[in-house]
Amino acid sequence: MHQLTLAEIARGLADKKFSSEELTKVLLARIAQLDPQLNSFISLTEDLALSQAKAADARRANGESGALLGAPIAHKDLFCTQGIRTSCGSKMLDNFKAPYDATVVAKLAAAGAVTLGKTNMDEFAMGSANESSYYGAVKNPWNLDCVPGGSSGGSAAAVAARLLPAATGTDTGGSIRQPAALTNLTGLKPTYGRVSRWGMIAYASSLDQGGPLARTAEDCAILLQGMAGFDPNDSTSIDEPVPDYSAGLNGSLQGLRIGVPKEYFSAGLDPRIAELIHNSVKALEKLGAVIKEISLPNMQHAIPAYYVIAPAEASSNLSRFDGVRFGYRCENPVNLIDLYKRSRGEGFGPEVQRRIMVGAYALSAGYYDAYYLKAQKIRRLIKNDFMAAFNEVDIILGPTTPNPAWKLGAKNSDPVAAYLEDVYTITANLAGLPGLSMPAGFVDGLPVGVQLLAPYFQEGRLLNVAHQYQLHTDWHTRTPTGF
Ligand code: GLN
C-alpha cells in the first residue's frame, strides 16, 4: 500500500479497496519502522491522523468525494499547526505550539487530507542539505551517507522512502526543487502569491512560497489544488482564479517552445548531469516540443544578490524571536539586554546567526546602498531577463542542481560551497516565477533533477509538461533500495 501515489489512493478509496484509517495505520507503522534511519520527521501526529482518517472515511461513506479526502500527507515543520509543536527546525521554537493553523494546513485539512506529522528541515529553512536542523541531519534514502537536500529535506526523504505519498514544503531559493532533485521526486514552487504564506514561519518574505513534493506531476497537481488560492490574511496572496490542475495534465506538447539557457551549461555543472538534461530535452522533442537556445545574461549575479536579500529579510523577520513573547528563553537573565542576547545566542544555531549578521550588516546605514539596494537592482535585471526570454519561449529548461547529493558533512566547513548549489533555483524566487523539478536519471546511483520554469501563474503548464514527460519516462518510478 505504501507504493501508492495520491492519485491511486484516491481511486482505491473511491472503489472501497481500503479505508483511509487502514492506509494511515500502515503508513504510521512504516514510519515507526523505517524513519529512525532517515530522521525525516520532527513530530508524529498519530492521534490527529487517526481521527482525521476516520472522519474522512465517514465523509466518503456519506457520499462525499475528492482527491484529497483521506489522503495521508505531512507538513514541513514551519507550517503552523494548532496545538502541535511547530519548531522550524530550531531550538528557538522547540517548545512552541502554534495557536492556529496556517492557511495551507487548514485548507488541506478541510479537503480531508490526513496529517501524519511534521517533517524535519533546515533551521528556519536556511540550507541546502538539511544538516542545520536542531533535530539532526536528515539522510537521503538513496544513500544514507548523503544529504537529501534542503531545506525541505525531511518532506523529500519521507516521500522518496515511501513513508507517505506527498508532503508540503517551502521554497525561498530552491528548498522544494533542490531536495526533489536529490531524492528523485517531483516538486513545484508556485508563482509568488499563488499559495498563502499566512501561518508559514517567515524566512525571507518576498521570496518564500509553499508548494507540493510528491513522486509524480499528477500528485503535485492534486496537492497544489488543495494549497493554492487567494487568502485575505496574506497581503501578498493574489486574487486570481485557480485552474483545475489535474484537468490540464493531458494537453499536447506539439509546438511547445522550450528555451535552454546557454549560461546553464558552464564549468560548474557536472558533465554527467548535463548529459541527462540533454536526454530529457530529446525526450520532450519527441513529444513535439521545439527547442531553442536562449540567454539569461544576468544569471551570474543571482547568488550574490540572493545571499544579500534573503539574509536581509531574515534578519528583520527573526528579530521577533527575542525570548520575551514565545520560544526559547535563557536561564536567569540579569537584565533585558542579557535576556535578548543569551536567548538568541543559545536559541539560534550557527547558520541562522551567520545569516542574521550578514543581513543586519547589509541593511545598516552606510552599507544599505552598496549591498541591499544593489542586490535589488540585480533582482530587477534577472526578472527582465526572464521576461525577455518568455517572449520567445513557453518554458525554460535546465538542470535543477549542478551536482548530485553530496556526503553528509562534506560542505559544512564551507558555507559558500553550499550556496553555490542553489545557482539554478534561486533566480525563480528572485523573479517570483513558478518552477518545477522532476526526475531525469541517475549519476552513480544518485538521482538527478531537470528543472522547468514558466511565466507567472503557469503552474498548469509546468505540470502538463512534467506529466507528459512522466508518461514517456520511468525515472520517477524508481524506488530506493531498502524502502
Ligand atoms: N539554500 C537556500 C538558502 O539556504 C534556499 C533555502 C530555501 O529555499 N528555503 O537560503
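Position numbers for residues start from 1 in each chain and track the written sequence from start to end. Restriction of local features to residues with pLDDT of at least 70 applies here, the model being predicted, together with a cutoff of 80 or more for giving and counting side-chain atom pairs; totals for whole chains, interfaces and linings are based on all residues. Note: side-chain values were computed over all heavy atoms of the structure, leaving out hydrogens and water.

The name given to the protein chain in an unreviewed UniProt entry is Glutamyl-tRNA(Gln) amidotransferase subunit A, with the source organism recorded as Pseudomonas reinekei. UniProt positions are given in the numbering used here, feature names are shortened, and annotations may be inferred rather than shown by experiment. What UniProt records for the protein chain under Catalytic activity (unreviewed entry) is the sentence "L-glutamyl-tRNA(Gln) + L-glutamine + ATP + H2O = L-glutaminyl-tRNA(Gln) + L-glutamate + ADP + phosphate + H(+)". Regarding the protein chain, the relevant UniProt record gives this comment under Function (unreviewed entry): "Allows the formation of correctly charged Gln-tRNA(Gln) through the transamidation of misacylated Glu-tRNA(Gln) in organisms which lack glutaminyl-tRNA synthetase. The reaction takes place in the presence of glutamine and ATP through an activated gamma-phospho-Glu-tRNA(Gln)."

Engineer: Provide a residue-level description of the overall build of the protein chain, including the pertinent values.
Structural biologist: Every helix listed is a DSSP run of H or I at least four residues long, and every strand listed is a run of E at least two residues long, numbered separately from the N terminus. Across its full length, the protein chain holds 15 helices and 11 strands. As a reference, a globule follows 2.2 Å times the number of residues to the power 0.38, and the radius of gyration itself is taken over C-alpha atoms. Taken over the C-alpha trace, the protein chain has a radius of gyration of 21 Å; the compact-globule value for 483 residues is 23 Å, and the two agree within 12%. Relative to its full complement of 483 residues, the protein chain shows a buried share of 60%. Two residues qualify as a contact provided that any one of their heavy atoms is within 4.5 Å of a heavy atom in the partner residue. A separation of at least 24 residues holds for 76% of the contacts in the protein chain among residues at least 6 apart in sequence. Of the roughly 17500 Å² of accessible surface on the protein chain, 53% is carried by carbon and sulfur atoms. In this charge count, Lys and Arg are treated as positive and Asp and Glu as negative; neither His nor the chain ends contribute. Lysine's charge is taken at NZ, arginine's at CZ, aspartate's at CG and glutamate's at CD. If the 44 positive side-chain charges of the protein chain are averaged to one point and the 46 negative ones to another, these points end up 1 Å apart. Burial classification: accessible surface area is computed with a 1.4 Å probe over protein chains only, and a residue below 20% of its type maximum counts as buried, one above 50% as exposed, and the rest as partly exposed. Areas reported here follow the Shrake-Rupley algorithm with a probe of radius 1.4 Å; residue values treat only the protein chains shown as occluding.

Engineer: An account of the site of the ligand is requested, with residue identities and associated values reported.
Structural biologist: For this description, a residue counts as near a given molecule or strand if any of its non-hydrogen atoms is within 4 Å of it. Taken together, 15 residues form the shell around the ligand, and within it T172, G173, S175, Y203 and Y306 come nearest. As used in this structure description, the phrase polar contact means that two N or O atoms lie within 3.5 Å; if the pair is within protein, one of them must be able to donate a hydrogen and the other to accept it, and residues adjacent in sequence are counted only when both atoms belong to side chains. The backbone of G127 places a nitrogen or oxygen atom 2.8 Å from an oxygen atom of the ligand. In isolation the ligand offers 290 Å² of accessible surface; the protein chains occlude 99% of this area. The cavity where the ligand resides is the largest cavity. Side-chain classes are defined by residue name, with Ala, Val, Leu, Ile, Met, Phe, Trp, Tyr, Cys and Pro counting as nonpolar, Asp, Glu, Lys and Arg as charged, and the others, Gly among them, as polar. When its residues are assigned to classes, the shell around the ligand shows five nonpolar, seven polar and three charged. Here a cavity denotes grid points, spaced 1 Å and computed from the protein atoms alone, that fit a 1.4 Å probe unable to get out, and a pocket denotes an open set having protein on both sides within 12 Å along at least 5 of 7 lines; residues with an atom within 4 Å of a point are the lining. Should more than half of a molecule's atoms lie within 2 Å of a pocket's or cavity's grid points, that molecule is taken to sit in it.

Engineer: Help me get a handle on the pairing of strand β11 (residues 446–453), residues and values and all.
Structural biologist: Most of β11 sits out of view: eight of its eight residues are buried. Here β11 shows no split at all, with L446, V448, V450 and L452 on one side and P447, G449, Q451 and L453 on the other all buried. DSSP-based pairing: two strands are paired if at least 2 bridges between them are found. In terms of strand pairing, strand β9 (residues 395–399) meets β11 through four bridges, oriented antiparallel. Along β11, the bridge assignment pairs I396 with L453. Here eight bridges tie strand β10 (residues 435–443) to β11, and the two strands are oriented antiparallel to one another. Across the sheet, G441 pairs through a bridge with V448, a residue of β11. Where β10 folds back onto β11 in an antiparallel hairpin, the turn is made up of two residues, including D444, whose phi is positive at roughly 50°.

Engineer: Got a sec to walk through the nonpolar core? Specific residues and values, please.
Structural biologist: Judged by nonpolar contacts, the single largest core of 107 residues is most densely connected at F124, L284, F386, I396 and L463. The greatest single-element share of this core, amounting to nine residues, is contributed by helix α9 (residues 302–317). Setting aside chain neighbours within four positions, we find L463 in contact with L188, A217, C220, A221, L224, Y245, L249 and L436. Here, the term nonpolar core denotes a set of buried Ala, Val, Leu, Ile, Met, Phe, Trp, Tyr and Cys residues that are joined through side-chain atoms within 4.5 Å.

Engineer: How would you summarise the UniProt feature "domain: Amidase" (unreviewed entry) in the protein chain if you had to cite specific residues and measurements?
Structural biologist: In the numbering used here, UniProt assigns the feature "domain: Amidase" (unreviewed entry) to residues 22–463. Overall, residues 22–463 shows 37% helix and 14% strand. The separation of its end C-alpha atoms is 30 Å.

Engineer: Can you break down the environment of T236 residue by residue, with the values?
Structural biologist: In this fold, T236 is placed in the loop between α7 (217–227) and β7 (257–261). Given a relative accessible area of 24%, T236 falls into the partly exposed group. Setting aside chain neighbours within four positions, we find T236 in contact with Y192, G193 and R197. Separated by 3.4 Å, the side chains of T236 and Y192 make a polar contact.

Engineer: Before we move on, can you summarise the sheet that holds strand β5 (residues 186–189) with the specific residues and values?
Structural biologist: Reading across the sheet, the 11 strands line up as β1-β3-β2-β4-β6-β5-β10-β11-β9-β7-β8 and stay open at both edges, with mixed pairing between neighbours. Both edges of this open sheet fall to β1 (41–44) and β8 (290–294), since each of them pairs with a single strand only. Neighbour to neighbour, the strand axes of the sheet diverge by 30° on average, direction disregarded. By the bridge criterion, two bridges tie β7 to β9 in an arrangement that is parallel. By the bridge assignment, I258 is partnered in β9 with I395. Orientation is described by axes fitted as lines to C-alpha atoms, over the contacting stretch for helices, and by angles from 0 to 180 degrees between their N-to-C directions.

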